[in-house]
Structures are given as structure tokens and as C-alpha cells.
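Secondary and tertiary structure notes
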Amino acid sequence: MPRLFIAIDLPEELKQKFGTIKKRFDLPQARWVKEENLHLTLKFLGDVEKEKIKKINFTLEKLTRNFPVFSLRTAEFGAFPNLNKARVLWVDVKEGKETVQKLAALIENKLSKIGFEKEKRSFEPHITLARLKKPVPVSFWPSIDWSYSFEVNQVILFESFLKPTGPIYTPLNAFPLKK
Ligand code: ATP
Ligand code: MG
């Protein structure tokens with residue numbers, strides 16, 4: 001069964017920018033997300049029966065074509081659960097945060113009608129940069145500028161292939177937002 005998730009893909013320039021910044025962290029234990037894989041997850045679907053993909057496509061098509069294009073700006077660097085015990089390093093969203101939350105909630109609601117369970121935790125939009133097996137304290141560099149503005153004009157349905165060398169994400173379908 002294909003493993004699927006819905007995400008906002010990021011501009012090449014942003015991927016390169018974040019990819020370069022990571023070199024400034026002295027964290028040999030961290031598993032950094034490959035530059036080309038950087039994304040903002042809207043909804044994780046997990047393993048899905050192939051026959052269900054048509055329904056997902058139909059649902060996403062219907063909701064995205066009425067959802068206006070919006071701008072998003074990345075904001076601060078941070079970590080889950082916190083910077084003293086970092087397991088996941090991320091960059092969050094400033095401008096456009098509420099709109100991303102609205103879009104994610106809409107996707108969640110519509111997909112729940114075709115059998116995808118709703119997330120129990122609240123949705124915090126973020127771009128994962130790295131993961132750590134053992135939590136470590138991470139000092140952060142206030143001098144690094146994580147801010148980047150771009151226009152979100154589509155949503156992507158990705159398939160994720162988990163490989164020992166890291167996941168491979170393949171876009172299955174792109175859903176343009178309303179211009
Ligand atoms: P790996 O699992 O090998 O570390 P990955 O997490 O990047 O790689 P996937 O597990 O396929 O790859 O996840 C795809 C996307 O969905 C990622 O952004 C991931 O953070 C997110 N995701 C995965 N599992 C969940 C989950 N249970 N709830 C919410 N988001 C999830
Ligand atoms: Mg994962």
C-alpha cells in the first residue's frame with residue numbers, strides 16, 4: 001500500500017538557503033532532511049489502499065480550487081519538545097500561519113468524510129530540518145535569518161518510500177489553488 005502525505009512544496013531557493021544554513025550547526029548526530037525533501041506537511045495519511053487515491057484526488061481537487069493563493073513567510077528556528085532537549089529541529093511559519101492552519105483543517109475535515117481519522121494533536125505548521133535519536137541541547141544562532149517569503153499556489157499529494165538511506169518523496173498530483 002502506498003504511504004501518502006499532503007504537503008506544501010517549497011521553492012528551490014528556500015531549500016538551498018536552509019540547506020546551507022545547516023552547515024552552521026555542530027550536530028554530527030543529527031539526521032538532516034535532504035535539501036530536495038524539505039516540505040511543510042499539511043496532513044499525513046499513512047498507508048492507503050490504492051483504490052482510495054481517486055477519492056483523495058477528487059476531494060483535494062474540489063477544495064483547493066476554491067482556496068485562494070496566499071503568501072507565507074518562514075519565521076523562527078526551534079525544536080520539539082524544546083531547545084534543551086531537541087529531538088526535531090524545525091522552522092515555523094509567521095505570515096500566513098492562520099491560512100495554513102485553515103487549509104490543513106479543511107483538508108482534515110474533508111478527508112475525514114472519506115474515512116481518514118482526524119489528528120488528535122493540534123496542527124502546528126513547521127518545516128522539519130533535522131531529527132535526533134537522542135535528545136540534545138541545541139544552542140541557537142540569533143544571527144541566522146530564517147525568514148523567507150513565498151507564494152503558496154498549490155498543494156501536493158506525495159508518496160513516501162522509506163529507504164534505509166532516507167525517504168524518497170514522489171509527487172503524485174499537484175492541486176493548484178485559486179488564482
Ligand atoms: P523517516 O520516517 O524515514 O524519518 P519521514 O518522516 O520524512 O522519514 P514519512 O514518515 O513518510 O517520512 O513522513 C512524511 C511526512 O509526514 C513527514 O513530514 C513526516 O513528518 C510526516 N509524518 C509522518 N508520520 C506522521 C504522523 N504520524 N503524524 C503526523 N505527521 C507525520
Ligand atoms: Mg517518519
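Residues numbered from 1 in each chain as written. Chains lettered and ligands numbered in written order. Predicted model: local features only at pLDDT ≥ 70, side-chain atom pairs only at ≥ 80, totals over all residues. Heavy atoms only, no water.

1. Considerations on the environment of Arg31
What counts is decided by this rule: A run of DSSP states H or I qualifies as a helix once it reaches four residues; a run of E qualifies as a strand once it reaches two. Both are numbered from the N-terminal end. By definition, residues are in contact when any of their heavy atoms lie within 4.5 Å.
Along the chain, Arg31 falls in strand β2 (residues 31-32). Residues Arg31 and Arg131, spaced 100 residues apart in sequence, show a C-alpha to C-alpha distance of 5.2 Å. What Arg31 contacts, discounting residues up to four positions off in sequence, is Leu129, Ala130 and Arg131.

2. Things to note about the site of ligand 1
The condition that has to hold: Here a residue is near a molecule or strand as soon as one of its heavy atoms is found within 4 Å of it. Lys, Arg, Asp and Glu make up the charged group, whereas Ala, Val, Leu, Ile, Met, Phe, Trp, Tyr, Cys and Pro make up the nonpolar group; the residues left over, Gly among them, are polar.
The full set of residues close to ligand 1 is Arg3, Phe5, Arg31, His39, Thr41, Phe44, Glu119, Arg131, Ser160, Leu162, Pro167 and Tyr169. When contributions to the shell around ligand 1 are tallied by element, the ones reaching two or more residues are β1 (3-9) and β3 (39-47). Residue contributions to the shell around ligand 1 peak at three residues, all from β3. Here the residues of the shell around ligand 1 sort into five nonpolar, three polar and four charged.

3. Some details on the packing of aromatic side chains
Quick reminder of the rule: Here is the rule: rings of Phe, Tyr and Trp (six-membered ring for Trp) pair when centre to centre is within 6.5 Å. Planes less than 30 degrees apart are stacked, more than 60 are edge-to-face, and the remainder are tilted. In this scheme, the term charge over a ring applies when either NZ of a lysine or CZ of an arginine sits within 6 Å of the ring centre and within 35 degrees of the ring normal.
A full pass over the atoms with the stated rule returns eleven aromatic pairs. Taking the centre distance of 4.9 Å and the plane angle of 70° together, the rings of Phe5 and Tyr169 count as edge-to-face. Of this pair, Phe5 sits in strand β1 while Tyr169 sits in strand β9 (residues 168-176), placing them 164 residues apart in sequence. Over the ring of Phe116 we find Lys52; its NZ or CZ atom is 4.7 Å from the centre of that ring.

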